[in-house]
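# An overview of the molecular structure
Below, each chain spelled out in residue letters.
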Amino acid sequence: MGEFETLKQQFPRVRRGVPLKKHTTFRIGGAAKYFFAARTSDELESAVRTAKELELPFFLLSGGSNVLVSDNGFPGLVIQIKNSKFKIENSAVRAEAGVQMATLVKETGKRGLQGLEWAGGLPGTLGGAVRGNAGAFGGEIKDSVLRVEAIDQKGKRRMFSKKQCKFSYRSSIFKERGYIVLSATLQLKKGDKKNIQTIAKKHIQYRKEKHPLEYPSAGSIFKNCDLAKTPKKMQEHFKDVIKMDPFPVIPTAVIIARANLPGLRCGGAQVSEKHPNYIVNRGDARAKDVLELIAKVKREIKNKFGVDLEEEITIL
Ligand SMILES: Cc1cc2nc3c(=O)[nH]c(=O)nc-3n(C[C@H](O)[C@H](O)[C@H](O)COP(=O)(O)OP(=O)(O)OC[C@H]3O[C@@H](n4cnc5c(N)ncnc54)[C@H](O)[C@@H]3O)c2cc1C
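These numbers were taken from a predicted model, which means no experiment stands behind them.

Rules and cut-offs
Residues numbered from 1 in each chain as written. Predicted model: local features only at pLDDT ≥ 70, side-chain atom pairs only at ≥ 80, totals over all residues. Heavy atoms only, no water. Helix = DSSP H or I, 4+ residues; strand = E, 2+ residues; numbered from the N terminus. Rg over C-alpha atoms; globule rule 2.2 N^0.38 Å. Buried < 20%, exposed > 50% of the residue type's maximum accessible area, 1.4 Å probe, protein only. UniProt positions renumbered as here; feature names shortened; annotations may be inferred. Contact = heavy atoms within 4.5 Å. Axes fitted to C-alpha atoms, helices over the stretch in contact; angles between N-to-C directions. Parallel < 35°, antiparallel > 145°, perpendicular 65-115°, else oblique. Near = heavy atom within 4 Å. Polar contact = N/O pair within 3.5 Å; in protein donor to acceptor, adjacent residues only side chain to side chain. Areas by Shrake-Rupley, 256 points an atom, 1.4 Å probe, with all protein chains shown as cover. Nonpolar A, V, L, I, M, F, W, Y, C, P; charged D, E, K, R; others polar. Phe/Tyr/Trp six-rings, centres within 6.5 Å; stacked < 30°, edge-to-face > 60°. Domains from an automatic or database assignment. Buried area = accessible area lost by both parts, 1.4 Å probe. Salt bridge = Lys/Arg side-chain N within 4 Å of Asp/Glu carboxyl O. Expected span 1.5 Å × (residues − 1).

Here we come to the overall build of the chain. Each helix and strand counted, the chain has nine helices and 22 strands in total. The C-alpha atoms of the chain give a radius of gyration of 20 Å, which matches the 20 Å a tight globule of 316 residues would have. Once the C-alpha set of the chain is aligned to its principal axes, its extents read approximately 60 × 50 × 35 Å. Burial analysis of the chain (316 residues in total) assigns 51% to the buried set.

Written out as structure tokens, the structure is:
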């Protein structure tokens, strides 16, 4: 029996040649050889096991809001994480990895639970947020995480306490070791419903005004620059814009703006003029264009300020 037939027998919904551009917010990327949307944690676990048994490369895709997929697509099985059950009891939320952050912000806000307001307008899923320790407006997902259930490198389901998650700036043990997040328990606090909902809405509004949401993108391309790791001369030059994220950083958007790079284009990819740490797809951008633009921006910034920008997005 061929690869596809074996997959099909076990996962009748598996498909061939699925364009990944439809599943990423960048709207870029070639086709996945095979594509399977796992609707439960058990389906997700068995799809990973089967891919390993078939020695088939696999890639996990959730909301697709932090990835740049190659123009050549992916020569293996893309497993889309779609497990999406959640339960809110008292002030604890237990949610599967595929639940959209927007759903959690809305549902916890409705119940007057405080802790996820920072995520108002954050695209993507809980699993993606936990893996990358997503953050905005001074908050991070790690602030609310109590424990996480994940599959480790041996394929074993394990429970990780917050400490074992080893959260750091836009990272965690799950990202560092390639563990698969299945679900997480968040501990929130009772608060004032109106106030919580107003803050979350304010963040959504802020993003609409300040971010180039009119074009497809993957959000910020680069991490902000850790102040402590930048040259003294640069610290001096940017001292008026240092912010907490949640430790002192120089916003990369300002660095790119002061290097006069907004508007720079490679093919259909452009450094946003509205938010210079975004690269936007102006219609027909290819991954090749984005990669070329990333390389150009990094080169210019290195020459001008002597600092190496580090990508925040996953490049497949
Ligand atoms: C307009 C816009 C604004 C954004 N603003 C912010 C922001 O303010 N702050 C911020 O931190 N990010 C921001 N992002 C980036 C993105 O929303 C976050 O990184 C988000 O948490 C990614 O989640 P996702 O479900 O889309 O993950 P995906 O993009 O699908 O995946 C990202 C990576 O995580 C892996 N992954 C996904 N799910 C799992 C899982 N369950 N277990 C293990 N690995 C997994 C994937 O394999 C991939 O390598 C923004 C993006 C956009 C498009």
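Continuing now.
With that settled, consider the UniProt feature "active site" (unreviewed entry) in the chain. When the UniProt feature table is mapped onto this chain numbering, "active site" (unreviewed entry) sits at R170, S220 and E312. In summary, the annotated positions, though distributed over 143 residues, converge in three dimensions, the widest C-alpha pair being only 11.7 Å. Setting aside residues up to four positions removed in sequence, S220 forms contacts with H275, N277, Y278, E312 and I313.

Looking now at the packing of helix α3 (residues 101-110) against helix α6 (residues 193-210). At a closest axis distance of 8 Å, the pairing of α3 and α6 adopts a crossing angle of 155°. Considered as vectors, α3 and α6 are oriented roughly antiparallel to each other. On α6, the residues that touch V105, G109 and K110 of α3 are K193, I196, Q197 and A200.

Neighbouring the ligand are 35 residues; L60, S62, S65, T125 and G135 lie closest to it. In this structure, an oxygen atom belonging to the ligand sits 3.3 Å away from a main-chain N or O atom of A129. Taken by itself the ligand offers 970 Å² of open surface, and the protein chains cover 93% of this. Secondary-structure elements contributing two or more residues to the shell around the ligand are β3 (58-61), α4 (126-131), β9 (135-136), β13 (180-187) and β15 (217-220). No other element matches α4, which puts four residues into the shell around the ligand. Taken together, the residues that form the shell around the ligand break down as 17 nonpolar, 14 polar and four charged.

Inspection of the entire model under this criterion finds eight aromatic pairs. Plain terms: the ring middles of F59 and F74 are 6.2 Å apart, the flat faces sit at 55° to each other, and that makes the pair tilted. With F59 in strand β3 and F74 in strand β5 (residues 74-81), the pair connects residues that are 15 residues apart, well separated along the chain. Comparing F59 with F74, the two get one shared label, buried. Members of the aromatic cluster, each reached through a chain of ring pairs, are F160, F174 and Y179.

Accessible area lost upon the coming together of the parts is a frequently used measure of interface size. Looking at the chain, the domain boundaries give domain 1 (3-81), domain 2 (86-196) and domain 3 (214-315). For domain 1 and domain 3, the distance between their C-alpha centres works out to 30 Å. The interface of domain 1 with domain 3 comprises twelve residues on the first partner and 18 residues on the second. When residues of domain 1 are sorted by the area they lose upon contact with domain 3, F26, N66 and L68 head the list and together hold 57% of the total. Between the two partners, domain 1 and domain 3, sit zero salt bridges. Seen at the junction of domain 1 and domain 3, the total is eight residue pairs in polar contact (both at pLDDT 80 or more). Residues belonging to the side of domain 1 that touches domain 3 are distributed by class as follows: six nonpolar, four polar and two charged.

Glancing now at the UniProt feature "domain: FAD-binding PCMH-type" (unreviewed entry) in the chain. Feature annotation in UniProt places "domain: FAD-binding PCMH-type" (unreviewed entry) on residues 27-191, given in this structure's numbering. This span, residues 27-191, is 21% helix and 36% strand, and a straight line between its end C-alpha atoms measures 38 Å.

What follows is about helix α2 (residues 41-53). If you check α2, its first and last C-alpha atoms are 18 Å apart, about what 13 residues at 1.5 Å a residue would give, namely 18 Å. Residues of α2 that are buried include every one of S41, L44, E45, S46, A47, V48, T50 and A51, and no others. Phi turns positive one or two residues past the end of α2, at E55, with a value near 55°.

Turning our attention to α6. Structurally, the α-helix is built with 3.6 residues per turn, so residues lying three or four positions apart point the same way. Between its first and last C-alpha, α6 extends 26 Å over 18 residues, near the 26 Å set by a 1.5 Å rise per residue. Tucked into the core, α6 has its buried residues touching α3, β8 (113-114) and β9.

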